[in-house]
Amino acid sequence: VTSPCKILKCNSEFWAATSGSHHLGTEEAPEFCTALRAYAHCTRRTARTCRGDLAYHSAVHGIEDLMEQHNCSKDGPTSQPRLRTLPPGDSQERSDSPEICHYEKSFHKHSAAPNYTHCGLFGDPHLRTFTDTFQTCKVQGAWPLIDNNYLNVQVTNTPVLPGSAATATSKLTIIFKSFQECVDQKVYQAEMDELPAAFADGSKNGGDKHGANSLKITEKVSGQHIEIQAKYIGTTIVVRQVGRYLTFAVRMPEEVVNAVEDRDSQGLYLCLRGCPLNQQIDFQTIRSAQATEGRARRKGPSLPAPPEAFTYETATAKCREKLPVEDLYFQSCVFDLLTTGDVNFMLAAYYAFEDVKMLHSNKDKLHLYERTRDLAPGSAAPSGPPPALWVVLLCLSQCWLCLL
(Lines give C-alpha, C1' and ligand atoms only; values in the text may rest on other atoms or scores of the structure.)
Protein backbone atom coordinates (compact mmCIF):
# COMPACT_ATOMS: atom_id res chain seq x y z
CA VAL A 1 0.00 0.00 0.00
CA THR A 2 1.60 3.29 -1.04
CA SER A 3 0.45 6.72 0.03
CA PRO A 4 -0.89 8.96 -2.76
CA CYS A 5 0.34 12.00 -0.80
CA LYS A 6 3.65 13.02 -2.41
CA ILE A 7 4.70 15.77 0.00
CA LEU A 8 8.05 14.06 0.67
CA LYS A 9 8.86 14.31 -3.04
CA CYS A 10 8.02 18.05 -2.99
CA ASN A 11 10.22 18.52 0.08
CA SER A 12 13.20 16.70 -1.40
CA GLU A 13 12.95 18.61 -4.72
CA PHE A 14 12.94 21.94 -2.88
CA TRP A 15 15.83 20.86 -0.67
CA ALA A 16 17.85 19.80 -3.72
CA ALA A 17 17.15 23.12 -5.46
CA THR A 18 18.01 25.29 -2.45
CA SER A 19 20.92 23.45 -0.87
CA GLY A 20 23.03 26.16 0.72
CA SER A 21 20.31 28.78 0.26
CA HIS A 22 20.82 30.25 3.73
CA HIS A 23 24.15 31.56 2.37
CA LEU A 24 22.64 33.09 -0.76
CA GLY A 25 23.23 36.76 -1.39
CA THR A 26 20.50 39.24 -2.25
CA GLU A 27 21.40 38.98 -5.91
CA GLU A 28 20.21 35.35 -5.89
CA ALA A 29 16.91 36.01 -4.12
CA PRO A 30 14.92 35.73 -7.40
CA GLU A 31 16.22 32.18 -7.87
CA PHE A 32 15.22 31.29 -4.30
CA CYS A 33 11.74 32.73 -4.94
CA THR A 34 11.51 30.66 -8.14
CA ALA A 35 12.29 27.51 -6.13
CA LEU A 36 9.70 28.51 -3.51
CA ARG A 37 7.01 28.98 -6.18
CA ALA A 38 7.88 25.56 -7.63
CA TYR A 39 7.60 24.11 -4.12
CA ALA A 40 4.18 25.74 -3.65
CA HIS A 41 3.02 24.44 -7.05
CA CYS A 42 4.12 20.91 -6.09
CA THR A 43 2.16 21.06 -2.81
CA ARG A 44 -0.96 22.27 -4.64
CA ARG A 45 -0.75 19.29 -7.03
CA THR A 46 -0.84 16.86 -4.13
CA ALA A 47 -3.22 18.83 -1.88
CA ARG A 48 -6.27 16.63 -2.49
CA THR A 49 -4.48 13.46 -1.39
CA CYS A 50 -2.68 15.09 1.56
CA ARG A 51 -5.64 16.21 3.65
CA GLY A 52 -4.86 15.56 7.28
CA ASP A 53 -1.17 14.94 6.58
CA LEU A 54 0.91 16.79 9.19
CA ALA A 55 4.01 17.12 7.01
CA TYR A 56 1.91 18.60 4.19
CA HIS A 57 0.35 21.28 6.39
CA SER A 58 3.74 22.07 7.91
CA ALA A 59 5.21 22.54 4.40
CA VAL A 60 2.35 24.81 3.28
CA HIS A 61 2.77 27.10 6.29
CA GLY A 62 6.55 27.05 5.88
CA ILE A 63 6.28 28.16 2.25
CA GLU A 64 4.04 31.08 3.21
CA ASP A 65 6.50 32.20 5.89
CA LEU A 66 9.50 31.97 3.56
CA MET A 67 7.74 33.87 0.80
CA GLU A 68 6.94 36.67 3.21
CA GLN A 69 10.49 36.76 4.63
CA HIS A 70 12.07 36.96 1.16
CA ASN A 71 9.40 39.26 -0.35
CA CYS A 72 8.63 36.66 -3.01
CA SER A 73 5.75 37.18 -5.42
CA LYS A 74 3.33 34.28 -5.83
CA ASP A 75 3.31 34.94 -9.58
CA GLY A 76 6.36 34.20 -11.68
CA PRO A 77 8.51 31.39 -13.07
CA THR A 78 8.41 28.03 -11.29
CA SER A 79 11.30 26.14 -12.90
CA GLN A 80 13.75 24.88 -10.30
CA PRO A 81 17.33 26.03 -10.97
CA ARG A 82 20.05 24.15 -9.10
CA LEU A 83 21.45 26.70 -6.67
CA ARG A 84 25.01 26.52 -5.38
CA THR A 85 25.80 24.02 -2.68
CA LEU A 86 27.44 24.67 0.68
CA PRO A 87 31.17 25.41 0.60
CA PRO A 88 33.34 22.52 1.89
CA GLY A 89 33.35 22.37 5.68
CA ASP A 90 30.38 24.70 6.05
CA SER A 91 27.23 23.55 7.82
CA GLN A 92 24.19 24.66 9.78
CA GLU A 93 25.66 23.31 13.02
CA ARG A 94 26.52 25.62 15.90
CA SER A 95 28.84 24.51 18.66
CA ASP A 96 27.92 27.35 21.04
CA SER A 97 24.39 26.16 21.88
CA PRO A 98 23.08 27.48 25.21
CA GLU A 99 23.29 25.12 28.18
CA ILE A 100 19.50 24.80 28.40
CA CYS A 101 19.65 23.01 25.04
CA HIS A 102 21.64 20.12 26.53
CA TYR A 103 19.34 18.01 28.70
CA GLU A 104 21.88 16.45 31.04
CA LYS A 105 23.70 19.75 31.65
CA SER A 106 20.59 21.87 32.20
CA PHE A 107 18.15 19.57 34.01
CA HIS A 108 20.54 17.54 36.11
CA LYS A 109 23.39 19.83 37.11
CA HIS A 110 23.02 19.07 40.82
CA SER A 111 21.37 15.66 40.74
CA ALA A 112 21.99 12.09 39.63
CA ALA A 113 22.07 11.17 35.97
CA PRO A 114 18.61 10.73 34.42
CA ASN A 115 17.01 7.32 34.15
CA TYR A 116 16.63 6.49 30.47
CA THR A 117 13.86 4.29 29.09
CA HIS A 118 13.31 2.60 25.75
CA CYS A 119 10.36 1.95 23.43
CA GLY A 120 10.39 0.07 20.14
CA LEU A 121 7.95 -0.97 17.41
CA PHE A 122 8.80 -3.47 14.67
CA GLY A 123 7.46 -6.33 12.58
CA ASP A 124 3.82 -7.42 12.61
CA PRO A 125 3.81 -5.12 14.78
CA HIS A 126 5.49 -5.94 18.10
CA LEU A 127 5.65 -3.27 20.80
CA ARG A 128 8.13 -2.93 23.65
CA THR A 129 6.91 -0.17 25.96
CA PHE A 130 8.83 2.22 28.21
CA THR A 131 8.05 -0.15 31.10
CA ASP A 132 9.54 -3.17 29.26
CA THR A 133 6.22 -4.87 28.61
CA PHE A 134 6.08 -6.70 25.29
CA GLN A 135 2.97 -7.08 23.18
CA THR A 136 1.97 -8.19 19.71
CA CYS A 137 -0.85 -6.01 18.40
CA LYS A 138 -3.17 -5.46 15.44
CA VAL A 139 -3.38 -1.62 15.59
CA GLN A 140 -4.27 -1.21 11.92
CA GLY A 141 -4.49 2.42 10.78
CA ALA A 142 -3.00 5.48 12.52
CA TRP A 143 -1.97 5.22 16.19
CA PRO A 144 -0.02 7.53 18.55
CA LEU A 145 3.22 6.06 19.88
CA ILE A 146 4.35 9.07 21.91
CA ASP A 147 2.44 12.17 22.96
CA ASN A 148 4.05 14.49 25.52
CA ASN A 149 4.97 18.13 26.01
CA TYR A 150 7.99 17.90 23.71
CA LEU A 151 7.12 15.65 20.81
CA ASN A 152 4.44 13.54 19.13
CA VAL A 153 5.04 10.33 17.22
CA GLN A 154 2.35 8.68 15.11
CA VAL A 155 2.56 5.45 13.13
CA THR A 156 0.30 4.05 10.42
CA ASN A 157 0.07 0.29 10.09
CA THR A 158 -1.31 -1.35 6.94
CA PRO A 159 -2.04 -4.98 5.95
CA VAL A 160 1.01 -6.82 4.64
CA LEU A 161 -1.18 -8.52 2.03
CA PRO A 162 -4.72 -7.66 0.86
CA GLY A 163 -7.16 -9.19 3.33
CA SER A 164 -4.34 -10.30 5.64
CA ALA A 165 -4.59 -9.97 9.42
CA ALA A 166 -0.84 -9.25 9.49
CA THR A 167 -0.02 -5.53 9.57
CA ALA A 168 3.25 -3.58 9.53
CA THR A 169 4.30 0.07 9.83
CA SER A 170 4.07 1.86 6.49
CA LYS A 171 4.25 5.48 7.65
CA LEU A 172 5.80 7.42 10.53
CA THR A 173 5.35 11.05 11.55
CA ILE A 174 7.41 12.74 14.29
CA ILE A 175 6.70 16.30 15.45
CA PHE A 176 9.33 18.03 17.59
CA LYS A 177 7.62 20.97 19.28
CA SER A 178 9.26 24.40 19.43
CA PHE A 179 11.34 24.67 22.63
CA GLN A 180 12.59 27.96 24.11
CA GLU A 181 15.72 29.24 22.32
CA CYS A 182 16.74 25.73 21.26
CA VAL A 183 14.64 24.55 18.32
CA ASP A 184 11.79 25.55 16.04
CA GLN A 185 8.94 23.10 15.48
CA LYS A 186 10.14 20.40 13.11
CA VAL A 187 8.27 17.58 11.38
CA TYR A 188 9.90 14.37 10.22
CA GLN A 189 7.93 11.99 8.04
CA ALA A 190 8.90 8.65 6.50
CA GLU A 191 6.89 6.10 4.57
CA MET A 192 7.48 2.95 2.55
CA ASP A 193 10.37 3.41 0.11
CA GLU A 194 10.98 6.99 1.32
CA LEU A 195 13.26 7.43 4.34
CA PRO A 196 14.42 11.07 4.11
CA ALA A 197 17.62 12.29 5.74
CA ALA A 198 16.01 15.67 6.50
CA PHE A 199 12.95 17.18 8.13
CA ALA A 200 9.87 18.01 6.07
CA ASP A 201 11.13 21.56 5.44
CA GLY A 202 14.44 20.25 4.09
CA SER A 203 16.54 21.20 7.11
CA LYS A 204 18.73 18.79 9.03
CA ASN A 205 18.77 20.59 12.35
CA GLY A 206 16.50 22.56 14.69
CA GLY A 207 16.17 25.68 12.55
CA ASP A 208 17.30 29.25 13.08
CA LYS A 209 17.36 29.38 16.88
CA HIS A 210 20.62 29.66 18.79
CA GLY A 211 20.52 26.03 19.95
CA ALA A 212 19.53 24.55 16.59
CA ASN A 213 22.35 22.00 16.75
CA SER A 214 20.67 20.31 19.73
CA LEU A 215 18.33 18.64 17.20
CA LYS A 216 19.82 17.00 14.13
CA ILE A 217 19.38 14.11 11.72
CA THR A 218 22.19 11.77 10.72
CA GLU A 219 21.87 9.34 7.83
CA LYS A 220 23.56 6.07 8.80
CA VAL A 221 22.65 4.02 5.71
CA SER A 222 21.10 5.77 2.72
CA GLY A 223 17.40 4.95 2.43
CA GLN A 224 17.60 2.38 5.24
CA HIS A 225 18.68 3.87 8.56
CA ILE A 226 18.50 7.36 10.07
CA GLU A 227 19.14 8.60 13.59
CA ILE A 228 17.70 11.74 15.18
CA GLN A 229 19.48 13.25 18.17
CA ALA A 230 17.39 15.64 20.29
CA LYS A 231 19.93 16.66 22.94
CA TYR A 232 17.68 19.31 24.44
CA ILE A 233 15.38 16.52 25.69
CA GLY A 234 18.06 13.83 26.00
CA THR A 235 16.36 11.74 23.32
CA THR A 236 17.67 9.49 20.53
CA ILE A 237 15.35 8.11 17.83
CA VAL A 238 16.27 5.41 15.32
CA VAL A 239 14.13 4.82 12.22
CA ARG A 240 14.86 2.02 9.77
CA GLN A 241 13.34 0.67 6.60
CA VAL A 242 13.66 -3.11 6.52
CA GLY A 243 12.20 -4.60 3.36
CA ARG A 244 9.21 -2.40 2.61
CA TYR A 245 8.29 -1.51 6.20
CA LEU A 246 9.54 0.80 8.94
CA THR A 247 10.84 0.14 12.45
CA PHE A 248 11.01 2.67 15.29
CA ALA A 249 13.15 2.79 18.44
CA VAL A 250 13.66 5.56 20.99
CA ARG A 251 15.75 6.26 24.09
CA MET A 252 14.17 8.88 26.32
CA PRO A 253 14.55 10.08 29.94
CA GLU A 254 11.69 9.13 32.27
CA GLU A 255 11.19 12.82 33.04
CA VAL A 256 10.47 13.52 29.37
CA VAL A 257 8.32 10.38 28.98
CA ASN A 258 6.06 11.57 31.80
CA ALA A 259 6.01 15.25 30.80
CA VAL A 260 2.29 15.56 30.05
CA GLU A 261 -0.22 18.14 31.18
CA ASP A 262 -2.73 15.68 32.64
CA ARG A 263 -1.63 12.06 32.54
CA ASP A 264 -4.91 10.72 33.93
CA SER A 265 -7.01 12.24 31.15
CA GLN A 266 -4.41 11.78 28.43
CA GLY A 267 -5.42 9.83 25.36
CA LEU A 268 -3.91 6.59 24.19
CA TYR A 269 -0.12 6.56 24.01
CA LEU A 270 1.16 3.13 22.98
CA CYS A 271 4.78 3.45 24.18
CA LEU A 272 3.56 4.37 27.66
CA ARG A 273 0.27 2.52 28.05
CA GLY A 274 0.62 -0.35 25.60
CA CYS A 275 -1.98 -1.48 23.07
CA PRO A 276 -5.67 -1.60 24.04
CA LEU A 277 -6.78 -5.02 25.18
CA ASN A 278 -8.97 -5.54 22.10
CA GLN A 279 -5.95 -4.84 19.85
CA GLN A 280 -3.59 -7.33 21.52
CA ILE A 281 -2.90 -10.70 19.95
CA ASP A 282 -2.60 -13.81 22.09
CA PHE A 283 0.62 -15.17 20.64
CA GLN A 284 0.28 -18.64 22.16
CA THR A 285 -3.25 -19.10 20.77
CA ILE A 286 -2.12 -18.04 17.31
CA ARG A 287 0.85 -20.40 17.44
CA SER A 288 -1.37 -23.31 18.48
CA ALA A 289 -3.72 -22.55 15.57
CA GLN A 290 -0.76 -22.45 13.19
CA ALA A 291 0.47 -25.80 14.47
CA THR A 292 -3.01 -27.30 14.00
CA GLU A 293 -3.23 -25.83 10.50
CA GLY A 294 0.19 -27.26 9.71
CA ARG A 295 -0.90 -30.75 10.75
CA ALA A 296 -4.09 -30.41 8.70
CA ARG A 297 -2.08 -29.32 5.65
CA ARG A 298 0.16 -32.36 5.96
CA LYS A 299 -2.95 -34.60 5.95
CA GLY A 300 -4.43 -33.12 2.79
CA PRO A 301 -4.29 -30.22 0.28
CA SER A 302 -7.56 -28.58 1.31
CA LEU A 303 -6.01 -25.56 3.10
CA PRO A 304 -4.25 -22.81 1.10
CA ALA A 305 -0.50 -22.55 1.53
CA PRO A 306 1.08 -19.42 3.13
CA PRO A 307 2.98 -16.90 0.94
CA GLU A 308 6.18 -18.85 1.59
CA ALA A 309 6.45 -22.47 2.71
CA PHE A 310 7.59 -21.70 6.27
CA THR A 311 6.72 -24.39 8.77
CA TYR A 312 7.30 -23.83 12.46
CA GLU A 313 10.53 -25.83 12.18
CA THR A 314 11.92 -23.93 9.16
CA ALA A 315 10.90 -20.56 10.61
CA THR A 316 12.63 -21.43 13.88
CA ALA A 317 15.79 -22.45 12.04
CA LYS A 318 15.76 -19.26 9.95
CA CYS A 319 15.33 -16.97 12.96
CA ARG A 320 18.08 -18.74 14.89
CA GLU A 321 20.54 -17.58 12.20
CA LYS A 322 20.27 -13.99 13.46
CA LEU A 323 18.73 -14.40 16.92
CA PRO A 324 20.44 -17.25 18.79
CA VAL A 325 18.74 -16.48 22.14
CA GLU A 326 15.15 -17.75 22.18
CA ASP A 327 13.65 -14.64 23.77
CA LEU A 328 10.63 -12.64 22.63
CA TYR A 329 12.52 -11.12 19.70
CA PHE A 330 13.22 -14.65 18.48
CA GLN A 331 9.59 -15.68 19.06
CA SER A 332 8.40 -12.57 17.22
CA CYS A 333 10.62 -13.47 14.29
CA VAL A 334 9.10 -16.95 14.11
CA PHE A 335 5.57 -15.55 14.44
CA ASP A 336 6.16 -13.05 11.61
CA LEU A 337 7.66 -15.61 9.23
CA LEU A 338 4.65 -17.88 9.79
CA THR A 339 2.07 -15.10 9.33
CA THR A 340 3.71 -13.18 6.45
CA GLY A 341 6.16 -15.52 4.74
CA ASP A 342 8.46 -12.50 4.30
CA VAL A 343 12.05 -13.12 5.38
CA ASN A 344 12.59 -9.36 5.85
CA PHE A 345 10.61 -9.64 9.07
CA MET A 346 13.47 -11.73 10.45
CA LEU A 347 15.80 -8.79 9.78
CA ALA A 348 13.30 -6.40 11.40
CA ALA A 349 13.42 -8.44 14.63
CA TYR A 350 17.22 -8.63 14.43
CA TYR A 351 17.65 -4.86 13.98
CA ALA A 352 15.05 -4.15 16.68
CA PHE A 353 17.18 -6.11 19.14
CA GLU A 354 20.35 -4.36 17.90
CA ASP A 355 18.64 -1.04 18.65
CA VAL A 356 17.72 -2.27 22.14
CA LYS A 357 21.37 -3.10 22.79
CA MET A 358 22.34 0.43 21.75
CA LEU A 359 19.52 2.36 23.42
CA HIS A 360 18.47 0.49 26.57
CA SER A 361 20.17 1.76 29.73
CA ASN A 362 19.80 -1.50 31.69
CA LYS A 363 21.86 -4.23 30.02
CA ASP A 364 20.25 -6.86 32.30
CA LYS A 365 16.89 -6.21 30.63
CA LEU A 366 17.86 -6.56 26.99
CA HIS A 367 16.23 -9.97 26.62
CA LEU A 368 12.55 -10.41 27.49
CA TYR A 369 11.00 -13.85 27.83
CA GLU A 370 7.45 -13.36 29.09
CA ARG A 371 4.92 -11.80 26.75
CA THR A 372 2.56 -9.25 28.35
CA ARG A 373 -1.15 -9.18 27.74
CA ASP A 374 -2.41 -6.35 29.95
CA LEU A 375 -5.87 -5.83 31.30
CA ALA A 376 -8.07 -3.15 29.80
CA PRO A 377 -7.15 0.38 30.97
CA GLY A 378 -8.58 1.23 34.34
CA SER A 379 -9.38 -2.34 35.30
CA ALA A 380 -7.80 -3.92 38.32
CA ALA A 381 -6.03 -7.24 38.53
CA PRO A 382 -8.30 -10.04 39.68
CA SER A 383 -8.26 -10.47 43.43
CA GLY A 384 -8.19 -13.65 45.44
CA PRO A 385 -6.05 -16.77 45.32
CA PRO A 386 -4.32 -17.73 42.07
CA PRO A 387 -5.87 -20.51 39.92
CA ALA A 388 -3.41 -23.16 41.17
CA LEU A 389 -4.41 -22.44 44.76
CA TRP A 390 -8.09 -22.79 43.87
CA VAL A 391 -7.38 -26.28 42.55
CA VAL A 392 -5.68 -27.27 45.81
CA LEU A 393 -8.52 -25.82 47.89
CA LEU A 394 -11.10 -27.65 45.75
CA CYS A 395 -9.33 -30.97 46.25
CA LEU A 396 -9.06 -30.44 49.99
CA SER A 397 -12.77 -29.59 50.19
CA GLN A 398 -13.67 -32.80 48.31
CA CYS A 399 -11.52 -34.85 50.66
CA TRP A 400 -13.14 -33.17 53.64
CA LEU A 401 -16.61 -34.05 52.32
CA CYS A 402 -15.52 -37.68 51.86
CA LEU A 403 -14.37 -37.82 55.47
CA LEU A 404 -17.70 -36.42 56.63
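Residues numbered from 1 in each chain as written. Predicted model: local features only at pLDDT ≥ 70, side-chain atom pairs only at ≥ 80, totals over all residues. Heavy atoms only, no water.

Q: Would you take a moment to explain the pattern of salt bridges for this structure?
A: A side chain of one charge can pair with a side chain of the opposite charge if their charged atoms are brought near each other. Summed over all chains, the structure comprises 6 salt bridges. A salt bridge links Asp201 to Lys186; its shortest N-O distance comes to 2.6 Å. One end of the pair, Asp201, is in the loop between β7 (186-191) and β8 (215-221); the other, Lys186, is in strand β7, and 15 residues separate them in sequence. Residue class for Asp201 comes out partly exposed when judged on its relative accessible area of 36%. Assessed through its relative accessible area of 5%, Lys186 is described here as buried. Note that Lys357 and Glu354 form a salt bridge whose closest N and O atoms lie 2.8 Å from each other. (Salt bridge = Lys/Arg side-chain N within 4 Å of Asp/Glu carboxyl O. Helix = DSSP H or I, 4+ residues; strand = E, 2+ residues; numbered from the N terminus. Buried < 20%, exposed > 50% of the residue type's maximum accessible area, 1.4 Å probe, protein only.)

Q: Teacher, can you tell me more about helix α8 (residues 312-320) here?
A: Think of an α-helix as turning once every 3.6 residues; residues three or four places apart then point the same way. For α8, every residue scored as buried is listed here: Ala315, Thr316 and Cys319. Seen along its axis, α8 keeps its buried residues to an arc of 100 degrees; they face one direction. Next to the buried residues of α8 lie α9 (328-340) and α10 (344-359). (Arc of directions from axis to C-beta. Contact = heavy atoms within 4.5 Å.)

Q: How should I be thinking about the sheet that holds β7 in this particular structure?
A: Note on sheets: strands pair through backbone hydrogen bonds, and any given pair is parallel or antiparallel. On the basis of which strands lie adjacent, the open sheet formed by 4 strands has the order β4-β5-β6-β7 and antiparallel pairing. In this open sheet, the two edge strands, each paired with only one partner strand, are β4 (141-147) and β7. The average undirected angle you get between the axes of adjacent strands in this sheet is 20 degrees. Summarising the sheet, strand β6 (residues 167-176) and β7 pair through 6 bridges and their orientation is antiparallel. (Pairing = 2+ DSSP bridges. Axes fitted to C-alpha atoms, helices over the stretch in contact; angles between N-to-C directions.)

Q: Is there a simple way to think about the nonpolar core in this case?
A: Nonpolar side chains tend to gather and get buried jointly when the protein is soluble and globular. Formed by 47 residues in total, the largest nonpolar core has its most connected members in Leu145, Ile146, Leu151, Ile174, Phe176, Tyr232 and Phe248. Per-element tally for this core: the top contributor is strand β11 (residues 245-253), with 4 residues. Excluding residues that lie within four positions of it along the chain, Ile174 makes contacts with Leu151, Asn152, Val153, Lys186, Val187, Tyr188, Ile228, Ile237, Val239 and Phe248. The next biggest cluster of nonpolar side chains, apart from the first, holds 22 residues, and it includes Phe14, Ala40, Tyr56 and Ile63. (Core = buried A, V, L, I, M, F, W, Y, C linked by side-chain atoms within 4.5 Å.)

Q: Can you walk me through unusual backbone geometry in this structure?
A: Residues other than glycine predominantly adopt negative phi, and peptide bonds predominantly adopt the trans conformation. The phi angle at Asn71 is positive, at roughly 55 degrees, despite the residue not being glycine. Its location among the elements puts Asn71 in the loop between α3 (54-69) and α4 (103-107). Note on Asn71: relative accessible area 70%, which makes it exposed. At Gln180, a residue that is not glycine, the phi angle is positive and equals roughly 40 degrees. Relative to the helices and strands, Gln180 resides in the loop between β6 and β7. Looking at Gln180, the relative accessible area reads 45%, which means it is partly exposed.

Q: Which parts of the structure should I look at to understand the sheet that holds strand β2 (residues 126-128)?
A: One open sheet accounts for 7 strands, arranged β3-β2-β1-β11-β10-β9-β8; its pairing is antiparallel. Only two strands of the sheet have a single neighbouring strand rather than two, namely β3 (134-136) and β8. With direction set aside, neighbouring strand axes in the sheet form an average angle of 10 degrees. When strand β10 (residues 235-242) meets β11, the two strands line up antiparallel, connected through 7 bridges. Within β11, the residue paired with Val242 across the bridge is Tyr245.

Q: Would you mind showing me how to read the side chain of Asp327 here?
A: Mapping Asp327 onto the fold places it in the loop between α8 and α9. Separated by 3.2 Å, the side chain of Asp327 and the backbone nitrogen of Tyr329 make a polar contact. At 2.7 Å, the side chain of Asp327 and the side chain of His367 are in polar contact. Not counting residues up to four positions away in its chain, the partners in contact with Asp327 are Phe353, His367, Leu368 and Tyr369. (Polar contact = N/O pair within 3.5 Å; in protein donor to acceptor, adjacent residues only side chain to side chain.)

Q: Explain the state of the cysteines to me, please; I cannot follow it from the model alone.
A: As used in these notes, a disulfide is a covalent bond between sulfur atoms, one from each of two cysteines. Across all of its chains, the model carries 6 disulfides by this definition. One disulfide in the model links Cys10 with Cys42; its S-S distance is 2.0 Å. The sign of the -80 degrees torsion about the S-S bond sets the Cys10-Cys42 disulfide as left-handed. Remark: Cys42 occurs in helix α2 (residues 29-45) and Cys10 occurs in helix α1 (residues 7-17); sequence separation between them is 32 residues. Assessed through its relative accessible area of 1%, Cys10 is described here as buried. Note on cysteine connectivity: Cys319 is disulfide-linked to Cys333, with sulfurs 2.0 Å apart. (Disulfide = S-S within 2.5 Å.)

Q: Quick question: what am I supposed to make of the packing of α9 against α10 here?
A: Between two packed helices, the angle of one axis relative to the other and the distance separating the axes together describe the packing. Two numbers describe how α9 lies on α10: the axes approach to 8 Å, and their chain directions differ by 160 degrees. In terms of orientation, α9 and α10 fall into the roughly antiparallel class. The handedness of the crossing between α9 and α10 is right-handed. When α9 is examined against α10, the residues Tyr329, Cys333, Asp336, Leu337 and Thr340 are found in contact with a partner set consisting of Phe345, Met346, Ala349, Ala352, Phe353 and Val356. When grouped by side-chain class, the residues that make up the contact of α9 with α10 number 9 nonpolar, 1 polar and 1 charged. (Parallel < 35°, antiparallel > 145°, perpendicular 65-115°, else oblique. Left-handed = near helix turned anticlockwise from the far one by under 90°. Nonpolar A, V, L, I, M, F, W, Y, C, P; charged D, E, K, R; others polar.)

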